[in-house]
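Fold and geometry: a report
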Amino acid sequence: MKKYILKRVIISFFTLLAILLVLFGLMQLMPGSPFNDEKLNDDQRATLYAKYGLDQPLPVQFGKYVVNMLRGDFGVSYNISKNTPISQLIQSRLPISIGIGGMAVTLGALVGLLLGIIAALKHDTPLDTLCTVISVIGVSVPSYVFALALSYTMGFKAGWFPMLFSAKQIFQSSVLPSISLSMFTMASIARFTRSEMLEVLGSDYMLLAESKGLSGPALIFRHALRNALIPIITVLAPLIVDLMTGSLVVEKIFAIPGVGSLLVTAIQSNDYNVVISLSFIYSAMYIGIMLVVDILYGIIDPRIRLAKEDSAT
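Figured I'd write up the structure that's included with this text. (Residues numbered from 1 in each chain as written. Predicted model: local features only at pLDDT ≥ 70, side-chain atom pairs only at ≥ 80, totals over all residues. Heavy atoms only, no water.)

For Cys131, the position within the fold is in helix 5 (residues 126–140). Since its relative accessible area comes to 4%, Cys131 is described here as buried. Through-space distance from the C-alpha of Cys131 to that of Leu114 is 9.6 Å; in sequence the pair is 17 residues apart. (Helix = DSSP H or I, 4+ residues; strand = E, 2+ residues; numbered from the N terminus. Buried < 20%, exposed > 50% of the residue type's maximum accessible area, 1.4 Å probe, protein only.)

Before going further, it helps to spend a moment on the nonpolar core. In this structure, Leu20, Met69, Ile90, Val274, Ile276, Leu278 and Phe280 are the most contacted members of the largest nonpolar core, which totals 32 residues. Secondary structure elements with two or more residues in this core: helix 1 (2–29), helix 3 (58–70), helix 4 (86–121), helix 11 (259–268) and helix 12 (272–300). Looking at this core, the element that brings in the most residues is helix 12, giving ten residues. Not counting chain neighbours up to four residues away, the residues in contact with Ile276 comprise Leu20, Leu23, Phe24, Met27 and Tyr65. Residues Ile96, Ala104, Ile189 and Ile253 belong to the second largest nonpolar core, which totals 25 residues. (Core = buried A, V, L, I, M, F, W, Y, C linked by side-chain atoms within 4.5 Å. Contact = heavy atoms within 4.5 Å.)

Before going further, it helps to spend a moment on helix 5. Its 15 residues place the ends of helix 5 21 Å apart at the C-alpha level, agreeing with the 21 Å of an ideal helix rising 1.5 Å per residue. Within helix 5, the full set of buried residues consists of Asp128, Cys131, Ser135 and Gly138. Along the axis of helix 5, the buried residues cluster in a sector spanning 90°; they form a single face. Facing away from the buried side of helix 5, by more than 90 degrees, are the exposed residues Pro126 and Ser140. If you follow the buried residues of helix 5, they end up packed against helix 4, helix 6 (143–157) and helix 7 (170–201). (Expected span 1.5 Å × (residues − 1). Arc of directions from axis to C-beta.)

Structure follows, in structure tokens:
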């Protein structure tokens, strides 16, 4: 198992370096400049380029950027908040997006698993139909529609939760955005859980387990759900990153100061450092989640780990 994990960590590290190289190259190909102010003349622009090291050869710029980033230095903002360390910009926004995304993932995964299990166990019954309809609605309706509906009904009409995000009421302000973002995750997990559970429940080893006297929760959770988890985890992994990095529209509706709006602002103002830093953080989170998924594969089903280890030798 240690060899398996070490190999995955090494692959993840070099993948991040490759992503960083691609991001750096794409930023150089973007039209315009971080210093597009019409008031600046050519000499002033040249001075700014020299100040930030942008006049150096690209390999030198990239090498310095990688070294600084490995030390946790993402550079400074050129336009959004001039000369402010990017770590400070992200530090105040990323925890908010991660907190709301974490609540949305947890809620969506738990409710989705419950709906999927119920639909599979009550196959071809009205309860199965109800769970399927809920899943279809969750997949079909955009998250911002749920956000607007919840903001009007539970925020404006009922007054149960704040309509806009407040730093003084972080948990209360996070409930409605989390529910809005969780709907797609809930629906996706419910659909996959239902289909995988139906396939597992009809398998030979489940019939064997029943013949040995297993029934009830022990049969469902120890045998059926465990064997159905691998494809469910595969679907859930990218959804986790999407939710934790924020949804721009939902952030706008609830006035959430998250990283989604920061990224869009950075792209519009050609703030290269902010764009690369946020994109790199997104990539690192995604690769980190996929690394955890790979490890979970080996824990849930040791046959997968053994097969990968054998293929690597």
